[in-house]
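What follows is each chain in one-letter form.
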Amino acid sequence: QVQLVESGGGLVQAGDSLRLSCAASGRASNNYHMGWFRQAPGKEREFVAVISRFGSVKDYTESVKGRFTISRDNAKNTVSLQMNSLKPEETAVYYCAAWSSGNWPPAPPADYWGQGTQVTVSS
């Protein structure tokens, strides 16, 4: 099993940048594909980005391509999400997730979830 803890959320203005981090503990993170989801108030949780176990493959939801970058450091058991040019509609709780299956792309739902970190983008 793996435990996930997010950090880095906060209040920013539209157009600003923010970097989220996810610390994994328990089983080594390179056993998992990892990713980020977000859930805005009154909406369903949606996929944001995913990175393969050793970081060679990444995928993003269309709306964040070119602005968000997912990365991982398996030596530190961390996954990060660099978010640039943030928009007010991206205000949400952002969740780190992990899949234990080696298949790519990983099929929903994820096997493990963090508690989430709030990102608020003011206009």
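Everything that follows concerns the structure shown earlier in this document.
Residues numbered from 1 in each chain as written. Predicted model: local features only at pLDDT ≥ 70, side-chain atom pairs only at ≥ 80, totals over all residues. Heavy atoms only, no water.

Visitor: Which residues make up the state of the cysteines, and what values go with them?
Guide: Summed over the entire model, instances satisfying the criterion amount to 1 disulfide. Residue pairing for Cys22: its cysteine sulfur links by disulfide to Cys96, the two sulfurs lying 2.1 Å apart. Looking along the S-S bond of the Cys22-Cys96 disulfide, the torsion reads about -80°, which is the left-handed sense. You can see Cys22 sitting in strand β3 (residues 18-26) and its partner Cys96 sitting in strand β9 (residues 92-99), a full 74 residues away along the chain. Both residues of the pair, Cys22 and Cys96, belong to the buried class. (Disulfide = S-S within 2.5 Å. Helix = DSSP H or I, 4+ residues; strand = E, 2+ residues; numbered from the N terminus. Buried < 20%, exposed > 50% of the residue type's maximum accessible area, 1.4 Å probe, protein only.)

Visitor: Describe the sheet that holds strand β1 (residues 2-7), with residues and values.
Guide: An order of β1-β3-β8-β7 is seen for the 4 strands of this open sheet, with the pairing classed as antiparallel. A strand with exactly one partner marks an edge of an open sheet, and here the two such strands are β1 and β7 (68-73). With strand direction ignored, the average angle separating the axes of adjacent strands in the sheet is 15°. (Pairing = 2+ DSSP bridges. Axes fitted to C-alpha atoms, helices over the stretch in contact; angles between N-to-C directions.)

That's the geometry; what it means functionally is another story.
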